[in-house]
Amino acid sequence: MAATKHIFVTGGVVSSLGKGLTSASIALLLLRRGYRVRLQKLDPYLNVDPGTMSPYQHGEVYVTRDGAETDLDLGHYERFTGIPCTRASNYTTGRIYSDVIARERRGDYLGKTVQVIPHITDEIKTAVRALDAKDVDVVITEIGGTVGDIESLPFLEAIRQFRQDAGRGNVLFIHITLVPYIKAARELKTKPSQQSVGILRTIGIIPDMLVCRCECPLEREHRDKLALFCNVERDLVIEERDVAHSIYEVPVALAAQDLDVYVLEKLNLHVNPLDLGDWNAMLQRLIAPQAGTVEIAVVGKYIGLQDAYKSIYEALAHGGIANDTGVSIRRVESEDIERDGAESRLGGAAGVLVPGGFGDRGIEGKIAAVQWAREQGVPFFGICLGMQCAVAEFARHVAGLAGANSREFVPDTPHPVIDLMADQKDVIDKGGTMRLGAYPCKLAEGSRARAAYGAAQVQERHRHRYEFNNRYRQRLEQAGLRVAGVYAERDLVEIVEAADHPWFVGCQFHPEFESTPLRAHPLFRDFIAAARRRAGAAPGAREQEGGTGA
Ligand code: GLN
C-alpha cells in the first residue's frame, strides 16, 4: 500500500454544522469500502485539552483508552467506526504551542527565532502525520472552528502546506458549509458559502468538495451556482440535509449521493463495493423498534445542555437498539428533585440513570433519585459520580451511616465513604491529573455485571479523582451492597450492586465511552432490558406496544 492519504474537513459560515458527524460518516463509508481509516480533530483554542473546561463551554469531555481528555467529536468518531481514538486524535492550539515552547526552552531551535510559520505550522503537520502508519490508508482530520476565525489560521496554513508537500492526489479538502433557507424570500442562499470559500482561497486552499448543510433540497441552479463560484466540480457539491430520526442516518444519506465514491476517485483509490447491511439493519431497529418504548430519567445538573451528556444519551439509544426498544429520555434537573421531591420528578420512569459530574450543586437531588429508584425497585444505573452517590445513599439509608458522603462535597463528613486516594492528596494542577483512561476490572462471580459482560475481566475508561473508601467496604457489604468489580492491582472498588433489587448497578468508570450503535455496551444493554421488564410489569405502564419509536 502506498503512503497514507489525507482528507481535511473545514467548516464555513457558522459553527455547529456537524463537522464531526460528517467526518465520522465519511470514515464509516471508507471503512465499509475496505479502507483502514483514522480520524483526528485539531481544535483552535488555547486550552491544552478540554479537560479543564466547563460543560457549559464545551459539552462533554470524551476520554480515550490511553487517557487523553478530548473533544466530544471523538465520541462520534469511535461510535461510527468502532476504531479507538488515541492521544494523537486530538490536538489543540494550546498543546501545539506548549510543545513548541517547551522545545524552545530546551534550546532545540539552536538560536533561531521561533515563529508561527514555520515552527507552529511544522508542529501541526507533525501532529497530522502522527496518525500515518503502514496499516492506515486514509487519515481524516477535522479542523475545529469556522473558516475566517483568526485563531484557526495557523491550522489552515499548515494544511495548505501539507497538500503542497504531499501532492494533489494524496490530499483532499472538504469544506462543510451552510446553505440557509430564507423564509421571506422562500429561497436557499448560496452567498455565505461563496464567501466562506472565498476566505479559504485567499489563504491558498481551494476545496475539492463542498458538503452543504441545508433544510431543504438543493436544486440544480444552486448546485450550478456553488460549483461555478466556489470552483468545485458540480458532482462534488453534496447536499447534507437534516436527517429525520437519527444522526446514524447521515452516512446513508451521503452514500446515496456517492460522496464516498468521489472521495476515493479523487484520492486515486480503488472503489470497492460498499457494505452497509448491518448499519441499515441497526437503523431499522432504532427508527422502528418492535418492542415499544421505555422512558429513562437522566438526573444531572447540566441537563439543559444538549451536549453535556452526549455519550450517555447515545449509549442509552444503543441499549435500546440491542433490545429492539425505543428509549425516550426524561431530562431531570437534580435541583428540581431537591425542591419538588423525587416522586414528582421521577414517577413513571422505567429506569433512572445518574451520570458523572463534579462539584456539590445538585448532589442531594441525585442521592434522593438513587433512594427513590432503590426503594421503588426501579432499575438504576449510576456512572462515576452516579456510583459515588449510590454508595453514599446506601451507606446512609441501608447501612445506617448517617451523614455519609463523598469528601469532595463535605470535607468533614462523619463517614467519607468516597474519598481521595493518597496519591491524589497533594495534586494541585487540575489539567490531566485525574485517574484517566482504561484500567482492568475484575468481575465478581454471580454479579449482574459479570452476567452482562459474560467475561471475568474487562477494561473500562476512567475520569475521576475520588474513589470508594475501602474502610467502609465490609460494613457496606454486610448491609447488602455487592462489590461486583475491582481493579485488583490496587484493590479499588469499581462496581457496586444492590443484591436484592431488580437491577441496581453503579460503576466508577464510564461505560458510555465504549458503546457503539452496532455493539451496545453490555451494562447499557442490560439496563434497558431491565427497564423494559419494569415498564411491562408496572401498573399503568407507559410502554407503547409496537410503538414507532418516533
Ligand atoms: N467528581 C467525582 C470525582 O472526581 C466524579 C467524577 C466523574 O463523575 N467523572 O471522583
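It should be emphasised that the depicted structure is a prediction, and the values quoted were computed from it without experimental measurement. (Residues numbered from 1 in each chain as written. Predicted model: local features only at pLDDT ≥ 70, side-chain atom pairs only at ≥ 80, totals over all residues. Heavy atoms only, no water.)

Once that is clear, we can look at the site of the ligand. In the vicinity of the ligand, the contacting residues are G356, G357, F358, C384, L385, Q388, E408, R463, H464, R465, Y466 and H510. The side chain of E408 places a nitrogen or oxygen atom 2.7 Å from a nitrogen atom of the ligand. Its free accessible area being 300 Å², the ligand has 98% of it covered by the protein chains. Secondary structure elements with two or more residues in the shell around the ligand: helix 16 (385-397) and strand 19 (457-464). Among the residues making up the shell around the ligand, the classes are represented as four nonpolar, five polar and three charged. (Near = heavy atom within 4 Å. Polar contact = N/O pair within 3.5 Å; in protein donor to acceptor, adjacent residues only side chain to side chain. Areas by Shrake-Rupley, 256 points an atom, 1.4 Å probe, with all protein chains shown as cover. Helix = DSSP H or I, 4+ residues; strand = E, 2+ residues; numbered from the N terminus. Nonpolar A, V, L, I, M, F, W, Y, C, P; charged D, E, K, R; others polar.)

The next subject is the sheet that holds strand 19. Strand pairing in a sheet relies on backbone hydrogen bonds, with the paired strands running either antiparallel or parallel. The strand order across the open sheet formed by nine strands is 13-12-14-15-23-22-21-18-19, and the pairing between neighbours is mixed. If you trace the sheet from one side to the other, it starts and ends with strand 13 (326-333) and strand 19, each paired once. Here the strands of the sheet are splayed against their neighbours by 25° on average, with no regard to which way each runs. Note that strand 18 (residues 435-443) and strand 19 share eight bridges and pair antiparallel. Looking at the pairing, C441 lines up with V458 of strand 19. Across the face of the sheet, helix 12 (residues 310-322) comes into contact with strand 12 (293-300), strand 13, strand 14 (351-354) and strand 15 (380-383) while running at roughly 150° to strand 13. (Pairing = 2+ DSSP bridges. Axes fitted to C-alpha atoms, helices over the stretch in contact; angles between N-to-C directions. Contact = heavy atoms within 4.5 Å.)

Time to look at the packing of aromatic side chains. The tally for this structure, following the rule as stated, stands at 14 aromatic pairs. Here F8 and F162 contribute two aromatic rings whose centre-to-centre distance is 5.3 Å and whose plane-to-plane angle is 75°, an arrangement assigned as edge-to-face. Of this pair, F8 sits in strand 1 (residues 5-11) while F162 sits in helix 6 (residues 153-166); the two residues are 154 residues apart in sequence, bridging distant segments of the chain. Residues F8 and F162 agree in their burial class; the two are buried. One aromatic cluster in this structure is built from F381, W503, F524 and F527. (Phe/Tyr/Trp six-rings, centres within 6.5 Å; stacked < 30°, edge-to-face > 60°. Buried < 20%, exposed > 50% of the residue type's maximum accessible area, 1.4 Å probe, protein only.)

Before going further, it helps to examine the packing of helix 4 (residues 93-106) against helix 5 (residues 116-129). Following both chains from N to C, one finds helix 4 and helix 5 inclined at 120°, their axes separated by 10 Å at the closest point. Considering how the two elements wind past one another, helix 4 and helix 5 form a crossing that is right-handed. Residue-level contacts link I96, Y97, D99, V100 and R103 of helix 4 to V116, H119, I120, E123, I124 and A127 of helix 5. Grouping the constituent residues of the contact of helix 4 with helix 5 by class yields seven nonpolar, one polar and three charged. (Left-handed = near helix turned anticlockwise from the far one by under 90°.)

With that out of the way, let us pick up the environment of R103. In this structure, R103 sits in helix 4. Through-space distance from the C-alpha of R103 to that of A227 is 44 Å; in sequence the pair is 124 residues apart. Ignoring anything within four residues of it in the chain, the contact list for R103 reads D108, Y109 and E123. Here the side chain of R103 touches E123 through a polar contact of 2.9 Å, side chain to side chain.

Once that is clear, we can look at the confidence of the model for the chain. Within the chain, residue pLDDT values average 93, and 97% of them lie at 70 or more. Overall, residues 540-550 carries pLDDT values under 50, and its contacts beyond four positions in sequence, including any with other chains, amount to 23 contacts. (pLDDT = per-residue confidence, 0-100.)

Of note, N323 is situated in the loop between helix 12 and strand 13. Side-chain polar atoms of N323 contact the backbone oxygen of R525, separated by 2.9 Å. Those residues in contact with N323 that lie beyond four places of it in its chain are R285, A291, R525, I528, A529 and R532.

Now for unusual backbone geometry. Omega for the bond connecting I117 with P118 falls within 30 degrees of zero, at 10°, which places this linkage in the cis form. Secondary-structure assignment places P118 in helix 5. Positive phi values are uncommon outside glycine, yet N268 reaches one of about 55°. Position of N268 among the secondary structure elements: in the loop between helix 10 (259-266) and helix 11 (277-287).

Ranked by size, the top nonpolar core spans 56 residues in total, and within it I7, L30, I140, I174, M209 and V263 carry the most contacts. Ranked by the residues each element gives to this core, the list is headed by helix 1 (residues 19-31), at seven residues. Beyond its immediate sequence surroundings of up to four residues, V263 is in contact with I7, L30, L172, I174 and M209. Residues V378, A390, L481 and V496 belong to the second largest nonpolar core, which totals 43 residues. (Core = buried A, V, L, I, M, F, W, Y, C linked by side-chain atoms within 4.5 Å.)

With that settled, the discussion passes to the pattern of salt bridges. One pass over the full model with this rule turns up 44 salt bridges. For R33, the salt bridge identified is with D260, shortest N-O distance 2.5 Å. Here D260 lies in helix 10 and R33 lies in the loop between helix 1 and strand 2 (37-43), a separation of 227 residues in the sequence. In terms of burial, R33 and D260 fall into one category: buried. Residue R361 is joined to E335 by a salt bridge in which the shortest nitrogen-to-oxygen separation is 2.7 Å. With R361 in the loop between strand 14 and helix 15 (363-376) and E335 in helix 13 (residues 334-340), the pair connects residues that are 26 residues apart, well separated along the chain. One network of salt bridges, with partners in common, ties together K41, D43, D71, D73 and E142. (Salt bridge = Lys/Arg side-chain N within 4 Å of Asp/Glu carboxyl O.)

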